[in-house]
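# Survey of secondary and tertiary structure
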Amino acid sequence: MAMTNRNNTKFDCIILATLDEIVPQDHNVRLFEETIDWKFIYPLVKPLYSEVGRPSIDPVVLFKMLFINYSFGINSMRKTCEEIKVNVAYRWFLGIDIHESVPNFSTWSQNYIRRYKDSKIFEEIFYKIVKEGIDNGFIDATVVFGDGTHRKANANVRKSTDKEIEIIAKAYEKELINEINEDRKEHGKSEIDEVTRTEYSYDEATGEIKEEKKTKHIKESTTDPECGLFHKGEKQKCFAYSHLTYADKHGYVLYTHTEPGNIHDSTAFTKTYADLLERYPQIEKVCLDSGFNTAAICHMIIQSERIPYLPYKRPMTKKGYFKKYEYVYDEKLDIYICPNIKDLVYTTTNREGYKVYKSNPKDCINCPYLSQCTQSKNHTKTIMRHVWEEDKEKAEEVRYGRNFKEVYNLRKETIERVFADCKENHGMRFTRLNGKQKNQHETLIIFSCHNLKKLALSKKRIGWI
């Protein structure tokens, strides 16, 4: 076969065709256009615009540009505008003809600053797509799979300052205090007023007692003070944001919440769980990983009359020592029984919500298992049991249920796959935006793109589009 050389071919030509004829029938923008009616944006943004003045850029065009940005992984509004200029499929999706100028990249940023920054438009768009999935039967929110993922912030880890902050009370602290006081009252102990976050020191020179709030030291970025320093295992230390996210069994994202990277997922859970149930009262089962396997979280899920699906969590015990489960708890007598058949009796309930059980030193001093039990100098074994430990034990019983493995194994096919897909295809590995609010809005748009893509493919599969 002879070699072809088209090096000198001129590509100047006249195309007598419409944009609709040029755009491939299987292009994703056609699916996006047919999946939902984009006109729903107009009534949402109408209060943000003036009734007088010169006409603005069409808000639907602005938000469609944002969807092009993240759906196709461009990750830059400047580059997105450049791509729209030469991509007829993007022009068709936006409703911009071949001779019409494309909005400047700064148009979106100025509209965000002046109109959308403090609005709920991003949440409303996200939940509109979710509602479309629920109404069409593609989303089943009876079982939700939750997890958190970290996203690298736009901040240099070497540019930081040491900051002292006050330790904030936990969301469930008032309920915990009431539970502690009830338990102390049953055991004849005096009640505590609150979990004190104040330390007192005596000044010998003046004879005064000084009151100081309990604080802790953190690293704060000078570039983006709202992010947090994240470090886990062998991962590189970096400033990041954490996104606690819930998905259904088909991989649709139902809810997401952004926190600084130094906030643990279990802490973020207590802030978001009530909001999750308010939006999806049909939830029956909550599937989480071992990082959420705490007494407080088990208590919240069970008290809300939902079933927790949590994996086995290895006891945090030194090698060569008895595990906590090797000490038998007698609920009727409220004691623990050690492997040598000796009693550990209740002594107190502390301010953190733990009931303290201690052994008799006389029983332990000559015990053959002492070296496997405790290193205490006074030969006393201490075991702590949370006041909500029963709820954790109920969650443990679910693990032995008939369909636990079937449900829990879906985590890797749902929430884990969501994170992988969004990081690989929708620019979720890192952010160029500063501030918690901006990153929450960006995350909502990223997951909206993910849901829209799945919704489009689901409708196409059954022939609806």
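Before reading further, recall that the structure is shown in the block above.
Residues numbered from 1 in each chain as written. Predicted model: local features only at pLDDT ≥ 70, side-chain atom pairs only at ≥ 80, totals over all residues. Heavy atoms only, no water.

## A look at the overall build of the chain
- For the chain, the helix and strand inventory stands at 17 helices and 15 strands.
- For 465 residues, the compact-globule formula gives about 23 Å, and the C-alpha radius of gyration of the chain, at 29 Å, lies well above that figure.
- Each of the 465 residues in the chain was classed as buried or not, and the buried ones make up 44%.
- The contacts of the chain with a sequence gap of at least 6 include a subset with a gap of at least 24, amounting to 66%. (Helix = DSSP H or I, 4+ residues; strand = E, 2+ residues; numbered from the N terminus. Rg over C-alpha atoms; globule rule 2.2 N^0.38 Å. Buried < 20%, exposed > 50% of the residue type's maximum accessible area, 1.4 Å probe, protein only. Contact = heavy atoms within 4.5 Å.)

## Describing the nonpolar core
- Core analysis: the biggest nonpolar cluster contains 85 residues, and Trp38, Phe63, Trp108, Tyr116, Phe122, Phe269 and Leu288 have the highest contact counts within it.
- In contact with phenylalanine 122, other than residues within four places in its own chain, are Phe63, Leu66, Trp108, Tyr112, Tyr116, His441, Leu444 and Ile445. (Core = buried A, V, L, I, M, F, W, Y, C linked by side-chain atoms within 4.5 Å.)

## Some details on the environment of tyrosine 90
- Along the chain, tyrosine 90 turns up in helix α6 (residues 88–94).
- In this structure tyrosine 90 comes out as buried when scored by relative accessible area, which is 7%.
- Spatially, the C-alpha atom of tyrosine 90 lies 49 Å from that of alanine 296, the residues being 206 residues apart in sequence.
- Excluding its chain neighbours within four sequence positions, the residues that come into contact with tyrosine 90 are His27, Val29, Ile68, Phe72, Ile74, Glu83 and Ile84.

## Some details on the side chain of threonine 443
- Inspection of the secondary structure assignment puts threonine 443 in helix α17 (residues 436–461).
- We classify threonine 443 as buried; its relative accessible area is 0%.
- Within polar-contact distance, the side chain of threonine 443 engages the side chain of histidine 243 at 3.4 Å.
- Each residue touching threonine 443, except ones within four places of it in the same chain, is listed here: Arg151, His243, Thr256, Thr258 and Met428. (Polar contact = N/O pair within 3.5 Å; in protein donor to acceptor, adjacent residues only side chain to side chain.)

## Quick word on helix α10 (residues 265–279)
- When the terminal C-alpha atoms of α10 are compared, their 20 Å separation across 15 residues agrees well with the 21 Å that a helix rising 1.5 Å per residue should span.
- Along α10, the helix axis deviates most sharply at threonine 272, where the bend reaches about 45°.
- Residues of α10 that are buried: Asp265, Ser266, Ala268, Phe269, Thr270, Thr272, Tyr273, Leu276 and Leu277.
- On its buried face, α10 is in contact with β1 (143–152), β7 (238–247), β8 (253–260), β9 (285–287) and α11 (295–303). (Expected span 1.5 Å × (residues − 1). Bend = angle between axes of the 7 residues up to and from the residue.)

## Things to note about empty space enclosed by the protein
- On inspection of all chains with the given rule, the structure shows two cavities of 30 Å³ or more.
- If you add up the space inside the largest cavity, you get close to 100 Å³.
- Contributing to the lining of the largest cavity are 14 residues, with Cys338, Asn340, Cys364, Cys367 and Cys373 lying nearest its centre.
- Counting only elements with at least two residues in the lining of the largest cavity, the list comes to α12 (361–364) and α13 (370–373).
- Residue composition of the lining of the largest cavity, grouped by class: nine nonpolar, two polar and three charged.
- Looking at the second largest cavity, its volume works out to about 30 Å³.
- Lining of the second largest cavity is provided by Asn293, Leu310, Pro311, Lys392, Ala395, Glu396 and Arg399.
- Of the residues that constitute the lining of the second largest cavity, the class distribution is three nonpolar, one polar and three charged. (1 Å grid on protein atoms, 1.4 Å probe; cavity = no way out; pocket = protein on both sides within 12 Å on 5 of 7 lines; lining within 4 Å. Points joined across faces, edges and corners; volume = space filled by probe spheres on them. Nonpolar A, V, L, I, M, F, W, Y, C, P; charged D, E, K, R; others polar.)

Keep in mind that these numbers describe shape and distance, not what the molecule does.
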